[in-house]
Amino acid sequence: MTILVTGGAGYIGSHTCVELLQSGYEIIVLDNFSNSKPKSLKRVSEITGKSFKTYQIDLVNRNKLEDVFSQNKITAVIHFAGLKAVGESVQIPLEYYHNNLTGTINLCEMMRKYEVKKLVFSSSATVYGSTGDLPIAENSRLGATNPYGRTKLMIEEILRDLYESDHNWSIALLRYFNPIGAHSSGLIGEDPKGIPNNLMPFISQVAVGKLECLNIYGNDYSTKDGTGIRDYIHVVDLAIGHIRALENLENNNGIEAFNLGTGTGYSVLDLVNAFEKATGESIPYVMKERRPGDAAVCFADPTKAMEQLGFKATRSIEMMCEDTWRWQKTNPNGYTGNLELNRKDQATVL
């Protein structure tokens, strides 16, 4: 089977490429490298000992996208590509709607034209908005609270309509909670642009000396230590969840949503303390006021993924911290190195 992975050079995409290759799949990666670097794909080849085609194109470019489908025999698609920063989406909503919705529609049109009707979609727990349900199950109330989340929710609805129009489609909607960690090799990991938006890369950049201290937003929530609680899942577990979803699509038509999380909540201070214990590094922090829209507690009910996909996250919070630190310590500037190294460490891009 040949799997097209859109956004395959990104954080979750690159880890999923590793798991796909190690599971015996052939892959084709499509990425415009706006939120990623070709070097991550070179590292994927280094980890797996396998090569694969990579196309540097944007999904909004229909002609170039069709070239990918016409030149390759694709069996299924895992769709990661899209703009993904919550804060930025509030500032430039039109760009998010155009990029994420148009790109997905173009992709689905090409899949329909070339009879590729198996799709794993990278959705998000942001589609649940501020639901008060705990734990959050797939049938919890939906209602995103920012443009990024709304693009995910809109795409889910588009894909439901697509299935209703043609029951030959097999679609999995994977709603991620909070992916952290890195590959155990230390070769691939999260490499955010500028100051990180997410907690774990912020912590690790403080540990490596790139940032002075961690800002913790809110210490007066109704939680055990006053800080917000979230469901953190190791990115390799998350990647394996995509393999299980893909396997499930092989013999099952339909469209189903699945939570990918651990079902366990950790507070911000839990994560800070776990990181300090796992690494021996001190993480100074300052308390700030709550951010508008942040929920006090959010964690998944992972039962459906366990029962229908046979998927369960197994990596501990300690392993998440250890693997993050191994990546950050050996790659303090992410995938950015000296020019000569970068030049030698590029993936082949078509």
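Our subject is the structure listed above.
From a predicted model like this one, the values you see are computed outputs, not experimental measurements. (Residues numbered from 1 in each chain as written. Predicted model: local features only at pLDDT ≥ 70, side-chain atom pairs only at ≥ 80, totals over all residues. Heavy atoms only, no water.)

## Points about the sheet that holds strand β11 (residues 254-260)
Sheet architecture is open: seven strands sit in the order β3-β2-β1-β4-β5-β6-β11, paired in parallel fashion. Single-partner strands in this sheet number two, and they are β3 (53-56) and β11. Direction aside, neighbouring strands of the sheet carry axes that sit 15 degrees apart on average. Examined bridge by bridge, strand β2 (residues 26-31) and β3 share four bridges and lie parallel to one another. In the strand pairing of β3, V29 is matched with T54. Its contacts with the sheet put helix α1 (residues 11-22) on β1 (2-6), β2, β4 (76-79) and β6 (170-176), and the angle it makes with β2 is roughly 165 degrees. In the packing of helix α3 (residues 62-71) onto the sheet, the strands contacted are β1, β2, β3 and β4, and the crossing angle to β3 comes to about 165 degrees. (Pairing = 2+ DSSP bridges. Helix = DSSP H or I, 4+ residues; strand = E, 2+ residues; numbered from the N terminus. Axes fitted to C-alpha atoms, helices over the stretch in contact; angles between N-to-C directions. Contact = heavy atoms within 4.5 Å.)

## A look at helix α11 (residues 317-330)
The periodicity of an α-helix, 3.6 residues per turn, causes residues three or four places apart in sequence to face the same way. Over its 14 residues, α11 extends 20 Å from the first C-alpha to the last, a length consistent with the 20 Å expected when each residue adds 1.5 Å. Inspection of α11 places I317, M320, C321, D323, T324, W325, W327 and Q328 among the buried residues, and these make up the whole buried set. (Expected span 1.5 Å × (residues − 1). Buried < 20%, exposed > 50% of the residue type's maximum accessible area, 1.4 Å probe, protein only.)

## Describing helix α9 (residues 268-279)
With 12 residues, α9 extends 17 Å between its outermost C-alpha atoms, agreeing within 8% with the 16 Å of an ideal straight helix rising 1.5 Å per residue. Within α9, the full set of buried residues consists of V268, L269, L271, V272, A274, F275 and T279. Once α9 ends, the next one or two residues include G280, with phi positive near 75 degrees.

## Here we look at the packing of aromatic side chains
Using the criterion set out here, one finds four aromatic pairs in the structure. It is K304 that lies over the ring of F258; its NZ or CZ is 5.1 Å from the centre. (Phe/Tyr/Trp six-rings, centres within 6.5 Å; stacked < 30°, edge-to-face > 60°. Lys NZ or Arg CZ within 6 Å of the ring centre and 35° of its normal.)

## Section: the packing of α1 against helix α8 (residues 235-249)
Taken N-terminus to C-terminus, the directions of α1 and α8 make an angle of 60 degrees; their axes are 8 Å apart at the nearest point. When the interaxial angle is binned, α1 and α8 end up oblique. With respect to the hand of their crossing, α1 and α8 are arranged in right-handed fashion. For the pair formed by α1 and α8, the contact residues are Y11, I12, H15, T16, E19 and L20 on the first element and V235, V236, L238, A239, I240, H242, I243 and L246 on the second. Classifying every residue of the contact of α1 with α8 gives 10 nonpolar, three polar and one charged. (Parallel < 35°, antiparallel > 145°, perpendicular 65-115°, else oblique. Left-handed = near helix turned anticlockwise from the far one by under 90°. Nonpolar A, V, L, I, M, F, W, Y, C, P; charged D, E, K, R; others polar.)

## Things to note about the pairing of β6
Most of β6 is tucked away, with seven of its seven residues classed as buried. Where burial is concerned, the two faces of β6 agree: the one with S170, A172, L174 and Y176 and the one with I171, L173 and R175 are both buried. The pairing of strand β5 (residues 118-124) with β6 spans seven bridges and is classified as parallel. Counterpart to F121 in the pairing with β6 is L173. In this fold, the crossover linking β5 to β6 by way of helix α6 (residues 147-165) has right-handed handedness. Across seven bridges, the pairing between β6 and β11 is parallel. (Right-handed = clockwise from strand over helix to strand, strands pointing away.)

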